[in-house]
Structure formats: C-alpha cells, structure tokens
Amino acid sequence: LHVEGLFRVPGHSLRQAALREMLNTAAEIDLETGDFHPNDAATLLKVYLGELPEPLLTHRHYHAHLKIGELTHFDEKGNKTNVPDKERQIEAFQLLFMLLPPTNRSLLKLLLDLLYHTARSQHMNKMSAINLATMFAPHIIWPKNVTASDLQGNIEKLNNGVAFLIRHSQKLFKAPVYIKEYARLFYTGSKTLQSNDDLTLSSGSKTGSIAAIIAPSPSPSMKSIAGETSSTGTIKPSENQSYTESCLRELYMQVNSMPESAKKKKLIRQFEKQPDPTFSAETRTPFIKRHWRSRSAGGVIKRKALGGQISAAKENGTLQRRGINCY
C-alpha cells in the first residue's frame, strides 16, 4: 500500500501474464517472495474487474448512483442548496447495497476496504480517494460497451461518487438504524411497538410470535389473540385455526361496515361461500333492494330529466287503450 502510484502505474506485462495463469489454475501464490511487484497485482485486479460481464455495481443501479450524488441539504425556506447531504447519501447507499447480489456485495466490500486503506496512505503512495476513484470508476460502475464520450457530463459525477464510497466505506455495509430496530422487534418479540403500523407489521409475522409484540393499545381482536397465546409468547399449533378464524371475523366485520356497493356484495358472497357459519346472512345487515336501473348514475339523471315525459307518455298510452276498449 505504500508503493507510489499504486493502481495507477501499470505492472510488467510478462509478470502479469504469469500471475494471471497461476490464478486461473488455482496455483499457490506467495507474493512475499518478490517474484511479483505490487503494481503487477494491482493492475491485474483492475483487469479482472473490467472483464466482468456486468459492472460490479450493476447496470440496474447505474442511475441510482447518479441520483444519490444529487442529494443535498435544504435551507430554512425549504429550497435546495448545493451542500451535499452526506448522511442521506450514506443511508441511500446502505439501502442500495442491500439490494446487490450477495457475490457483488461481498467483493465490493473487500474492494472498497482495500481502497480505503490505500487512500489513508496517500502521503506515501500519492493516491487519494479521488485518484483511486478515477482509476476504478470505469471498471466498477461504467456501463459496458460505452466510451468516455458516451457518458458526457456524468464522468465527474461517477468519479466523485466512487470517491465518496471509498471515503465512507466503513459505514456503507451496515443497515440503517431503523431497519435494524424493526428487525430486532420482528425477531426478538420486543414489547416496545408503539404505532398502528408497527402492530400491522407484527401481525403479518409468520413466526407466530404475535402476543409478545402487542402494542400498548391493541385492537380487540389482537387482545383476544393475546389471551389465547401460550406463556412463551407463541401461538400453539392447535390454536392456529382459532387465530385464523378470529382474523377472518374481523375482516368480515370490516367488509360488512363498508358502504353499499357492488364490490361489497361480491366480497360478502365470497365470505358466504366459506363453511364457517360466522359469515351467514344473519350476522350482517341486509342489503337494500334496489331496482336494477338504480345502479347507473346516468340512468338516475336520465329518469329525473325525462320522468315527466315518460309519465305523460304512459298516461296517453293508457287513455288510448281505454278509448279503443270503449269502441
């Protein structure tokens, strides 16, 4: 890491070819023997990254990296400034790296860690974070089969973005605090959930540990579930059915309280197909029987506008028939 121009000065082509052959054949390599110069290994690393079928940071995330670099602070009036918001950028990268394929994420972590320690020795190797970013951006983030002219004004953004990754590499592979907290709540059954959203999230757990994460003000259905839960905080297998039925009852009551509509009728019919007597017609308010024409708002308006004419026409028709009968 102390060699001047590391990753910038190319190694010897013959030594690189020999080192590459040893790596391809999985031969044992001892870089301490002096057979290879650090520049040989450094150059070969860049060659390897450049020959990957897809950039290490992936084509899919290319535009995301450009957008993250544009995250800046806002002034007191809410106007965007030119001051980068480093905390938001770090959080965005943390989330983005969680979406990388596992192999890409592992290799990226090792690479950025190497470049981070290389940049810390820039007083000896003359390779700062931006210098290293200029060397590696074409290999890890540039889309394949493009040239510098194709990227136009994005080259500086890409270089600055990679330099940011190098400088903050020790923070980028940790999940944001709020995600770690939700994961802890989900897997450990903490009793500190406070919001309805938390309760909804916990009720969707497939682990069955519902009662252990009840919020301070749970719904009646959740209280009943808590009463049926074992002392260990998990729902017993024999009680899974009653838990499911309780949830279905609550859902049925919510549907039953919806305004009268065709959608509500459809949902009610689906519930009534279930063998559970909970969803019988006796447990819901009866639908108001309406004429089939009343379903159309246009029909209502038309009848209102033409109602007098239709009534008059019917009356005339009746009188005519009566006149014919008289004759």
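Quick caveat, the model's predicted, so the values are computed rather than measured.

Caption draft 1: Quick peek at the packing of aromatic side chains. One pass over the structure, following the stated rule, counts four aromatic pairs. Ring geometry for Phe7 and Phe136: centres 5.1 Å apart, planes at 70 degrees, overall edge-to-face. With Phe7 in the segment before helix 1 (13-24) and Phe136 in helix 7 (residues 129-140), this pair connects stretches of sequence that are 129 residues apart. Judged by its relative accessible area of 4%, Phe7 falls in the buried class. Looking at Phe136, the relative accessible area reads 0%, which means it is buried. Through a chain of ring-to-ring contacts, three or more aromatic side chains come together here, namely Phe93, Phe97, Phe164 and Phe173.

Caption draft 2: Layout of a nonpolar patch on the surface. A cluster of nonpolar side chains, namely Leu95, Met98, Tyr178 and Tyr182, defines an oily patch on the protein surface of about 350 Å² accessible area. Only helix 4 (86-98) and helix 11 (177-188) provide two or more residues apiece to the nonpolar patch. Positionally, Tyr182 belongs in helix 11. Of the residues examined, Tyr182 reaches a relative accessible area of 37% and is grouped as partly exposed.

Caption draft 3: Seen up close, helix 15 (residues 262-272). What helix 15 keeps buried is the set Lys264, Ile268 and Phe271. The arc enclosing the buried residues of helix 15, seen along the axis, measures out at 60 degrees, which places them on a common side. More than 90 degrees from the buried face of helix 15, the exposed residues found are Ala262 and Lys263.

Caption draft 4: Expanded view of helix 7. Residues of helix 7 that are buried: Ala129, Leu132, Ala133, Phe136, Ala137 and Ile140. Taken end-on, helix 7 shows its buried residues confined to a sector of 130 degrees, consistent with a single buried face. Buried residues along helix 7 sit in contact with helix 2 (38-50), helix 5 (102-120) and helix 9 (154-167).

Caption draft 5: Unusual backbone geometry, seen in detail. One non-glycine residue, Phe7, adopts positive backbone phi at about 75 degrees. The backbone phi angle of Ala26 is positive, close to 60 degrees, even though this residue is not glycine. When you line up the elements, Ala26 lands in the loop between helix 1 and helix 2.

Criteria and cut-off values
- The numbers attached to residues start from 1 for each chain and follow its sequence in the written order.
- Restriction of local features to residues with pLDDT of at least 70 applies here, the model being predicted, together with a cutoff of 80 or more for giving and counting side-chain atom pairs; totals for whole chains, interfaces and linings are based on all residues.
- Side-chain metrics in this entry use all non-hydrogen atoms of the structure; hydrogen atoms and water are not considered.
- By convention, a stacked pair of Phe, Tyr or Trp rings (six-membered ring in the case of Trp) has centres within 6.5 Å and planes under 30 degrees apart, an edge-to-face pair has planes over 60 apart, and any other such pair is tilted.
- Labels follow the DSSP assignment, with helices taken as runs of H or I lasting at least four residues and strands as runs of E lasting at least two, numbered in each case from the N terminus.
- Summary of the burial criterion: residues with accessible area below 20% of their type's maximum are buried, those above 50% are exposed, and those between are partly exposed, where the area comes from a 1.4 Å probe applied to protein chains only.
- Patch membership requires more than 30% relative accessible area and the absence of a salt bridge. Residues of like charge join within 9 Å; the nonpolar side chains Val, Leu, Ile, Met, Phe, Trp and Tyr join within 5 Å.
- Using a 1.4 Å probe, the Shrake-Rupley method yields the accessible areas, and only the shown protein chains count as cover for residues.
- Put simply, a salt bridge is a Lys or Arg side-chain nitrogen that is within 4 Å of an Asp or Glu carboxyl oxygen.
- Of all possible arcs, the one meant is that of the directions from the helix axis to the C-beta atoms.
- Residues count as neighbours in contact if any of their non-hydrogen atoms are within 4.5 Å of one another.

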